[in-house]
Amino acid sequence: MERTFKATLQSFKELVHKIKYYNEALAVLFWDLRTGAPKKGIAGRAKVIGMLSTEAFRLSTSIEMEDFLNYFEQKESNEKLDKVYRAVVQECRKEFDRSKKIPAEMYTEYVILTSEAESVWEEAKNTNNFSMFSPYLEKIVDYNCRFIELWGYEGNKYNTLLDYYEPGMTVDKLDRIFEQLRERIVPLVQQIKNLRYQPDDSMFFRNYFAPAKQEEFSLAILDKMGYSFDAGRLDESEHPFTIGMTPGDIRITTHYYPHNFSSALFSSIHEGGHALYEQNISCELDDTPLSTGTSMGIHESQSRFWENIIGRSYNFWSCYYEDLQKIFPEEFMGVSLEEFHKAINKVEPSLIRVEADEVTYNLHVMIRYEIEKALINKEVQVAALPRIWNEKMKEYLGVEPKDEKEGVLQDVHWSGGSFGYFPSYTLGNIYSAQIYNTIRKQFDDFDELIKAGELIKIKEWLGQNIHKHGKLLTPAEILKSVTGEEINPSYLIDYLENKYKKIYNLNI
Ligand code: ZN
């Protein structure tokens with residue numbers, strides 16, 4: 001019996017590793033596709049991606065896998081597993097049940113569709129032509145609706161998609177969270193908007209910021225954060241992203257705009273936050289599906305923590321502003337640290353989500369959340385999206401896009417079929433403020449630590465408390481073990497009110 005268990009476990013591990021290796025190969029192909037693969041190679045590459053994904057899909061839904069899961073779920077064999085492989089069995093079961101309900105040919109068609117759709121989206125965005133992308137988007141929505149029917153759902157159909165990115169999240173909970181945010185953030189935005197004083201950030205746009213110098217500074221900050229360049233690299237792509245193969249190879253991208261200083265830098269810090277998470281997952285989870293972030297929301301909490309809470313703080317820049325001025329002496333000539341800090345925190349209802357400030361950001365997410373809910377519940381048509389988008393922008397943010405490029409076509413997510421993903425950004429903001437509240441208490445003087453540029457200590461704390469666990473703990477378990485609480489949006493609201501009342505001299 002003992003021999004059978006050992007031999008079976010060995011074969012199961014081989015299968016788990018094989019699936020992981022296919023996924024790693026796919027990640028390299030996706031990275032290549034997005035960072036400069038020649039246009040004429042895209043269609044051919046899509047076929048290779050389709051074939052490899054089908055193979056990984058076939059393995060994770062095979063009879064062999066089902067037999068292993070049935071065997072290791074039996075009490076006697078389950079008890080002999082270590083905690084990692086007990087969690088691997090659970091994870092494989094989840095994936096098996098989810099995938100098994102989708103016919104293999106349907107899945108292949110979908111993978112090919114989405115990888116083609118991404119380059120069509122890119123061209124549609126560049127040429128400002130939604131009608132070029134809309135036939136693809138219609139098909140992608142249609143596939144998702146069919147998937148939900150096959151997977152099943154409880155309550156709202158959108159719940160199934162939400163749960164995939166943030167286990168346990170539902171439309172009901174999210175509606176309440178957005179309600180709480182709306183109650184206090186909308187008046188905050190309004191109060192700031194009505195002020196005569198607004199920070200001057202014109203130096204970010206009127207000067208020419210050479211991309212090579214921007215890259216130099218991004219690389220330096222990533223290094224200070226503890227991002228390992230022996231286990232990653234920074235490249236340029238249309239839309240910044242992080243892609244992970246193993247903790248030893250976690251790559252990030254950014255996009256340099258010569259006449260917009262802050263975009264590339266804060267994208268680099270943001271993606272760096274994601275990458276730190278993946279680089280510091282415990283090696284005991286290597287080659288398993290647990291060697292990744294536990295949910296998109298917790299992932300976003302890491303990127304947002306570094307980008308906003310650390311990267312846009314006064315203390316951070318009191319350490320690094322001089323270094324920045326050395327790289328761009330003329331561009332920042334006569335700009336004081338105080339002025340610079342206010343400029344990077346300017347609150348302004350704007351059109352582009354990735355450029356949005358911390359205060360208005362969640363309103364951008366709310367728009368996408370409402371549109372996705374309506375699309376999945378077949379309450380709106382894809383063709384009507386440019387109009388609906390513009391109406392909602394006007395309603396929540398008081399601004400209206402002049403074209404589709406800065407409106408409905410701005411985000412890559414829908415071309416990849418990632419419905420249910422956007423709310424992760426707001427969940428990430430909420431978690432990051434909760435984590436910040438905790439981490440401040442863990443150090444004698446947190447502010448001094450940041451002023452001294454000792455970011456490695458922060459990275460290590462996050463590594464020990466969050467990163468190392470990978471997917472071994474659920475998002476709720478991580479949050480509870482770190483903060484002692486469940487999700488609670490009031491920390492984010494308090495953080496925003498405290499920070500911005502100082503910057504804008506408000507009476508709250
Ligand atoms: Zn992110």
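Residues numbered from 1 in each chain as written. Predicted model: local features only at pLDDT ≥ 70, side-chain atom pairs only at ≥ 80, totals over all residues. Heavy atoms only, no water.

Trainee: Which parts of the structure should I look at to understand the pairing of strand S2 (residues 242-246)?
Mentor: Looking along a regular strand, one sees side chains alternate from face to face of the sheet. Pairing geometry for S2 and strand S3 (residues 249-254), over four bridges, is antiparallel. Each bridged residue has a counterpart across the sheet, and for glycine 244 the counterpart in S3 is isoleucine 250. The turn joining S2 and S3, which pair antiparallel and follow one another in sequence, is formed by two residues. (Pairing = 2+ DSSP bridges. Helix = DSSP H or I, 4+ residues; strand = E, 2+ residues; numbered from the N terminus.)

Trainee: Would you mind going over the coordination of the zinc ion with me for this structure?
Mentor: Ideal values for angles at a metal depend on the geometry: 109.5 degrees with four tetrahedral donors, 90 or 180 degrees with six octahedral donors. Coordination of the zinc ion by the protein comes from His270 (NE2), His274 (NE2) and Glu300 (OE), over a distance range of 2.0 to 2.1 Å. Coordination of the zinc ion draws on donor residues from a single chain, spaced H-x3-H-x25-E in sequence. On the criterion of helical spacing, the pair formed by histidine 270 and histidine 274 is a turn pair, its members being four residues apart in helix H12 (residues 261-279). The pair histidine 270 / histidine 274 is uniform in exposure class, with both members buried. (Donors = N, O, S within 2.8 Å, 3.2 Å for Na, K, Ca; no water. Buried < 20%, exposed > 50% of the residue type's maximum accessible area, 1.4 Å probe, protein only.)

Trainee: What's the story with the domain arrangement of the protein chain in this structure? I'm lost.
Mentor: Size of an interface: often given as the accessible area lost when the parts come together. Along its sequence, the protein chain is organised into domain 1 (5-136) and domain 2 (171-197 + 207-333 + 418-504). Just the C-alpha atoms count here: the centres of domain 1 and domain 2 sit 28 Å apart. Each partner contributes to the interface: domain 1 provides 22 residues, whereas domain 2 provides 20 residues. Between domain 1 and domain 2 lies a buried interface of about 1900 Å² when both sides are counted; carbon and sulfur atoms form 67% of it. Applying the counting rule to domain 1 against domain 2 returns three salt bridges. Residue glutamate 91 is joined to lysine 471 by a salt bridge in which the shortest nitrogen-to-oxygen separation is 3.0 Å. Along the contact surface separating domain 1 from domain 2 lie four residue pairs in polar contact (both at pLDDT 80 or more). Of all the elements in the fold, those that place two or more residues in the side of domain 1 that touches domain 2 are helix H1 (2-34), helix H5 (83-100) and helix H6 (104-126). Sorting elements by how many residues they give to the side of domain 1 that touches domain 2 places H1 first, with ten residues. (Domains from an automatic or database assignment. Contact = heavy atoms within 4.5 Å. Buried area = accessible area lost by both parts, 1.4 Å probe. Salt bridge = Lys/Arg side-chain N within 4 Å of Asp/Glu carboxyl O. Polar contact = N/O pair within 3.5 Å; in protein donor to acceptor, adjacent residues only side chain to side chain.)

Trainee: Honestly, the pairing of S3 in this entry has me stumped. Any pointers?
Mentor: Counting buried positions along S3 gives six out of six residues, so the element sits mostly inside the fold. Residues of S3 alternate between two faces, with Asp249, Arg251 and Thr253 on one and Ile250, Ile252 and Thr254 on the opposite face, all of them buried. Relative to S3, strand S1 (residues 234-236) runs parallel, the two sharing three bridges. Looking at the pairing, glutamate 236 lines up with threonine 254 of S3.

Trainee: What exactly am I supposed to notice about the environment of histidine 299 here?
Mentor: Relative to the helices and strands, histidine 299 resides in helix H13 (residues 296-310). The exposure class assigned to histidine 299 is buried, which follows from its relative accessible area of 10%. In contact with histidine 299, other than residues within four places in its own chain, are His274, Tyr277, Glu278 and Gly293. Reaching out from histidine 299, the side chain makes a polar contact with the side chain of glutamate 278 at a distance of 2.7 Å.

Trainee: Honestly, the nonpolar core in this entry has me stumped. Any pointers?
Mentor: Within soluble globular proteins, side chains that are nonpolar tend to cluster in buried spots. Judged by nonpolar contacts, the single largest core of 124 residues is most densely connected at Phe305, Trp306, Trp317, Phe332 and Phe340. Residues lining this core come from more than one domain, with at least three contributed by each of domain 1 (5-136) and domain 2 (171-197 + 207-333 + 418-504). Those residues in contact with phenylalanine 332, other than ones at most four positions away along the chain, are Met203, Phe204, Phe209, Phe261, Tyr321, Leu324, Gln325 and Phe340. Core analysis: the second largest hydrophobic core is formed by 23 residues, Val16, Ile19, Ala87 and Val89 among them. (Core = buried A, V, L, I, M, F, W, Y, C linked by side-chain atoms within 4.5 Å.)

Trainee: Looking at this structure, how should I read the packing of helix H9 (residues 171-193) against helix H22 (residues 490-504)?
Mentor: Between two packed helices, both the angle of their axes relative to each other and the distance between the axes serve to describe the pair. One way to put it is that H9 packs onto H22 with a least axis distance of 11 Å and a crossing angle of 5°. In terms of their interaxial angle, H9 and H22 are classed as roughly parallel. Contact with H9, carried on its side by Gln180, Leu181, Arg184, Ile185, Leu188 and Ile192, involves Leu492, Ile493, Asp494, Leu496, Glu497, Tyr500 and Tyr504 of H22 and no other residues of that element. Of the residues belonging to the contact of H9 with H22, the class tally is nine nonpolar, one polar and three charged. (Axes fitted to C-alpha atoms, helices over the stretch in contact; angles between N-to-C directions. Parallel < 35°, antiparallel > 145°, perpendicular 65-115°, else oblique. Nonpolar A, V, L, I, M, F, W, Y, C, P; charged D, E, K, R; others polar.)

Trainee: Help me understand the sheet that holds S1, please; the structure alone is not making it clear to me.
Mentor: Sheets are built from strands paired through backbone hydrogen bonds, the pairs being either parallel or antiparallel. With mixed pairing, three strands are arranged side by side in an open sheet as S1-S3-S2. Looking at which strands have only one partner, the edges of the open sheet turn out to be S1 and S2. Ignoring strand direction, the axes of neighbouring strands in this sheet form an average angle of 25°. With respect to the sheet, H12 is in contact with S1, S2 and S3, its orientation differing from that of S3 by roughly 165°.

Trainee: Can you walk me through unusual backbone geometry in this structure?
Mentor: Glycine aside, a negative phi is what most residues show, and trans is what most peptide bonds show. Despite not being glycine, aspartate 287 has its phi angle at roughly 65°, a positive value. Among the structural elements, aspartate 287 can be located in the loop between H12 and H13. For aspartate 287, a relative accessible area of 25% translates into the label partly exposed. Phi angles above zero are rare outside glycine, and lysine 378 is one such case at about 55°. Examined against the element boundaries, lysine 378 turns out to sit in the loop between helix H16 (358-376) and helix H17 (385-397).

Trainee: Teacher, can you tell me more about the packing of H16 against H22 here?
Mentor: Orientation of H16 relative to H22, taken along the N-to-C sense of each, is 140°, at an axis distance of 10 Å. For the element pair H16 / H22, the angle class is oblique. Residues Glu358, Val359 and Asn362 of H16 form the contact with H22, whose participating residues are Leu492, Tyr495, Leu496, Lys499 and Tyr500. Taken together, the residues of the contact of H16 with H22 sort by class into five nonpolar, one polar and two charged.

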